[in-house]
Amino acid sequence: MFDHGEASALHIARAVTRGEVTASAVIEAALARIAAHNPALNAFTDVTADRARARAAAIDARCARGEPVGPLAGVPFAVKNLFDVKGLPTRAGSKINRELPPAERDSPLIERLEAAGAVLVGALNMGEYAYDFTGENIHDGPSRNPHDPARMTGGSSGGSGGAVAGRLVPLALGSDTNGSIRVPSSLCGVFGLKPTYGRLTRARSFPFVTSLDHLGPFARTVTDLAACYDAMQGPAAGDPVCAERPAKPAVPALADALGGLRIATAGGYFHRGLSPEGHSALAAVAAALGATREIEWPEAARARAAAYVITCTEGAALHMERLRTRPQDFDPAVRDRLIAGAMVPAVAVAQAQKFRRWYRDRVLALFEEVDAVLVPATPCTAPRIGQQTFKLDGVEMPVRANLGIYTQPISFIGLPVVAVPVPLTPLPIAVQIVAAPWREDVALRIAYALEEKGVAAARKPARMGH
Amino acid sequence: MPTPELDDFIAASARTLELPVDPAWYPMIPANLEVIFRLAGLVAEFKLPDDAEPAPVFRA
């Protein structure tokens, strides 16, 4: 019996390619799961059923003719609703953007996944304009954590984390400016990849902070994560940040032995504020990898501060006209930070960008000595929806701004990261595997080894049965 | 608590930038600005050489 909800993306693709199941049956099952579970999870804001059925039928016709159907044949996937989807306004979690005309063309990342045989089934909930770590949305309602729907998914790619953890789809795409892939990966307990800044094109997606914006995938297995990533790589027009680098497939080397890789943990900043669960997860991952060395990561707190300044000011610049004309239509929590950001003197931004280069040089020097660094993804497991504060090291702190304290210093200089979920009970929490620029392959190999050892896993939510 | 100087700064900035600030949501603006200025100060106090290049590089 083919378990549609639990099957990995590559299991689905193999079954479709061999004729063991039709793409149409796979997509009907995905649409049925979305209909059954989305009312509780609120992951999807749009379901593109007609388009998905037509696409699946075309794949089945190709199969019947004996034609190649691609490495992701029949795999249902969904995208954060800041990706352009032909025929839908790109709402980016906002009220204002849903008045935009429908997108005329899909994002190139959607086009590349569909060229590989995958089938888009819809668009996913997110924090307004991606300025969020909680997964809450005042217009569409909060994304809900499949492990406990009263808890946050994390954000801003909350629907992406919830849809994959909740078995609605095996693959989803999100964006990550300061942690918006890695935070929901951690709170929802799924694998997430934030590639190197400039690796994947951001063309035809709604921006937030172009200095820091990345796009990337979520999956329940490392092989699915790598296969999805591989299908999206390569230069593309329309994003000046996208590197002119040829695709460097990660799947073929995933199972290579880790012998020779120098893996360390980072102390200091990355241990402050960390919950007992976060410490347990980090210790389990480090022990499984034999990572006994602890390095000193330079100036992480200042890096987070500089990322914060660039984020609020570039975000304000992007939304200035909307703030002037339609302030009442924003989520107040987003609007108030953007208005404050608009008032920040430019000298602060210039200094933050200069510091960024200094910091990059220092951190890259670390990667002369090590190949990967393990750091926490979030300070704690999923807070309750609506929770305003939590205690970090006994100090009451705002949840919204502080869920990303460990992710911001990493994305600030665009390092590739795989967030690996450690299936603690009752709630999962992730560890970041950070590699040198353009070495996603290293982070993915380590993630794969952790999955093989059983230390990292996207455990099925208990409430969904076993 | 926002200082009178910060209140003056916000009022002047809002007028100059033509940003409407409703009294109902005003209290969150100084609260956010205080956080941003504290973090910007952390960056500003870090000594960098005069020839330090900003991170983005534009190529004609």
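Residues numbered from 1 in each chain as written. Chains lettered and ligands numbered in written order. Predicted model: local features only at pLDDT ≥ 70, side-chain atom pairs only at ≥ 80, totals over all residues. Heavy atoms only, no water.

K.L.:
I'd like a description of the overall build of chain B, backed by residues and values.
P.N.:
Regarding its fold elements, chain B presents two helices and zero strands. For a compact globule of 60 residues, the expected C-alpha radius of gyration is about 10 Å, and chain B comes in at 16 Å, more than 25% above that figure. Taking the principal axes of the C-alpha coordinates as reference, chain B spans close to 45 × 30 × 15 Å. Residues counted as buried form 30% of the 60 residues belonging to chain B. Total accessible area on chain B is roughly 4,100 Å²; 61% of this is exposed by carbon and sulfur atoms. Charge centroids of chain B, computed over 4 positive and 10 negative side chains, lie 7 Å from each other. (Helix = DSSP H or I, 4+ residues; strand = E, 2+ residues; numbered from the N terminus. Rg over C-alpha atoms; globule rule 2.2 N^0.38 Å. Buried < 20%, exposed > 50% of the residue type's maximum accessible area, 1.4 Å probe, protein only. Areas by Shrake-Rupley, 256 points an atom, 1.4 Å probe, with all protein chains shown as cover. Lys, Arg positive; Asp, Glu negative; His and termini not counted. Charge placed at Lys NZ, Arg CZ, Asp CG, Glu CD.)

K.L.:
Give me the lowdown on the pattern of salt bridges, citing residues and values where you can.
P.N.:
Residues and elements named next belong to chain A. Following the criterion strictly, the structure yields 31 salt bridges over all chains and no others. Here arginine 167 ties to glutamate 6 by a salt bridge, and the two come within 3.1 Å at their closest N and O atoms. Highlighted residues: arginine 167 in the loop between helix 5 (158–165) and strand 6 (171–176) and glutamate 6 in the segment before helix 1 (9–17), separated in sequence by 161 residues. Arginine 151 is the salt-bridge partner of aspartate 148, the closest N and O atoms lying 3.1 Å from each other. On the basis of relative accessible area, aspartate 148 is assigned to the partly exposed category, the value being 21%. Through salt bridges with shared partners, one network takes in Asp46, Arg91, Arg98 and Asp140. (Salt bridge = Lys/Arg side-chain N within 4 Å of Asp/Glu carboxyl O.)

K.L.:
Tell me about the packing of helix 9 (residues 300–325) of chain A against helix 10 (residues 332–342) of chain A, residues and numbers included.
P.N.:
Residue and element names in this part refer to chain A. One can describe the packing of helix 9 onto helix 10 by two numbers: an axis separation of 8 Å at closest approach and a directional angle of 105 degrees. Viewed along their axes, helix 9 and helix 10 adopt a mutual orientation that is roughly perpendicular. Note on element contacts: helix 10 touches helix 9 through Arg335, Arg337, Leu338, Ile339, Gly341 and Ala342, opposite Cys312, Thr313, Gly315, Ala316, His319, Met320 and Leu323. In terms of residue class, the contact of helix 9 with helix 10 is made up of seven nonpolar, four polar and two charged. (Axes fitted to C-alpha atoms, helices over the stretch in contact; angles between N-to-C directions. Parallel < 35°, antiparallel > 145°, perpendicular 65-115°, else oblique. Contact = heavy atoms within 4.5 Å. Nonpolar A, V, L, I, M, F, W, Y, C, P; charged D, E, K, R; others polar.)

K.L.:
Break down the packing of helix 1 (residues 4–17) of chain B against helix 2 (residues 28–44) of chain B for me, with residues and values.
P.N.:
Residues and elements named next belong to chain B. Across the interface, helix 1 lies against helix 2 with an axial gap of 11 Å and an inter-helix angle of 105 degrees. It follows that helix 1 is roughly perpendicular to helix 2 by the angle criterion. From helix 1, Leu6, Phe9 and Ile10 reach across to helix 2, where they touch Ile29, Pro30, Leu33, Glu34 and Phe37. Per-class residue counts for the contact of helix 1 with helix 2 are seven nonpolar, no polar and one charged.

K.L.:
Describe the interface of chain B and chain A, listing the residues and the values that go with them.
P.N.:
With 32 residues of chain B in contact, the opposing surface of chain A contributes 31 residues. Roughly 2,800 Å² is buried in total at the junction of chain B and chain A, and carbon and sulfur atoms are behind 75% of that figure. There are one salt bridge connecting chain B and chain A. Measuring nitrogen to oxygen at the nearest pair gives 3.4 Å for the salt bridge that ties glutamate 45 of chain B to arginine 302 of chain A. In this assembly, chain B and chain A are joined by seven residue pairs in polar contact (both at pLDDT 80 or more). For the side of chain B that touches chain A, the secondary structure elements donating two or more residues are helix 1 and helix 2 of chain B. (Buried area = accessible area lost by both parts, 1.4 Å probe. Polar contact = N/O pair within 3.5 Å; in protein donor to acceptor, adjacent residues only side chain to side chain.)

K.L.:
With reference to specific residues and values, describe the sheet that holds strand 8 (residues 214–219) of chain A.
P.N.:
Residue and element names in this part refer to chain A. Strands sit in the order 1-3-2-6-8-7-14-15-11-9-10 across an open sheet of eleven strands; the sheet is mixed. Each edge of the sheet is formed by a strand with only one pairing partner; in this case those strands are strand 1 (44–47) and strand 10 (293–295). Taking each pair of neighbouring strands and ignoring which way they run, the sheet shows an average axis angle of 30 degrees. (Pairing = 2+ DSSP bridges.)

K.L.:
I'd like a description of unusual backbone geometry, backed by residues and values.
P.N.:
Residue and element names in this part refer to chain A. Serine 156 follows glycine 155 through a cis peptide bond whose omega is 10 degrees. Secondary-structure assignment places serine 156 in the loop between strand 5 (148–152) and helix 5. Along the chain, threonine 425 connects to proline 426 via a cis peptide bond; the corresponding omega equals 5 degrees. Along the chain, proline 426 falls in the loop between strand 14 (417–422) and strand 15 (429–435). Despite not being glycine, alanine 130 has its phi angle at roughly 70 degrees, a positive value. Relative to the helices and strands, alanine 130 is located in the loop between strand 3 (119–124) and strand 4 (144–145). A relative accessible area of 5% means that alanine 130 is categorised as buried.

K.L.:
Tell me about the side chain of threonine 201 of chain A, and name the residues and values.
P.N.:
All names here are of chain A. Its place among the elements puts threonine 201 in the loop between strand 7 (191–194) and strand 8. A polar side-chain atom of threonine 201 sits 3.1 Å from the main-chain amide nitrogen of alanine 203. Those residues in contact with threonine 201, other than ones at most four positions away along the chain, are Pro108, Leu109, Arg112, Leu215, Ala236, Ala237, Asp239 and Cys242.

K.L.:
Please give an account of the packing of aromatic side chains that cites residues and values.
P.N.:
Residues and elements named next belong to chain A. In this structure the tally under the stated criterion is 15 aromatic pairs over all chains. Note on phenylalanine 270 and tryptophan 297: the rings are 5.8 Å apart at their centroids and 80 degrees apart in plane angle, and the pair reads as edge-to-face. Of this pair, phenylalanine 270 sits in the loop between strand 9 (263–266) and helix 8 (276–289) while tryptophan 297 sits in the loop between strand 10 and helix 9, and the two are 27 residues apart along the sequence. Grouping residues by exposure puts phenylalanine 270 and tryptophan 297 together as buried. One aromatic cluster in this structure is built from Tyr269, Phe270, Trp297, Phe367 and Tyr406. (Phe/Tyr/Trp six-rings, centres within 6.5 Å; stacked < 30°, edge-to-face > 60°.)

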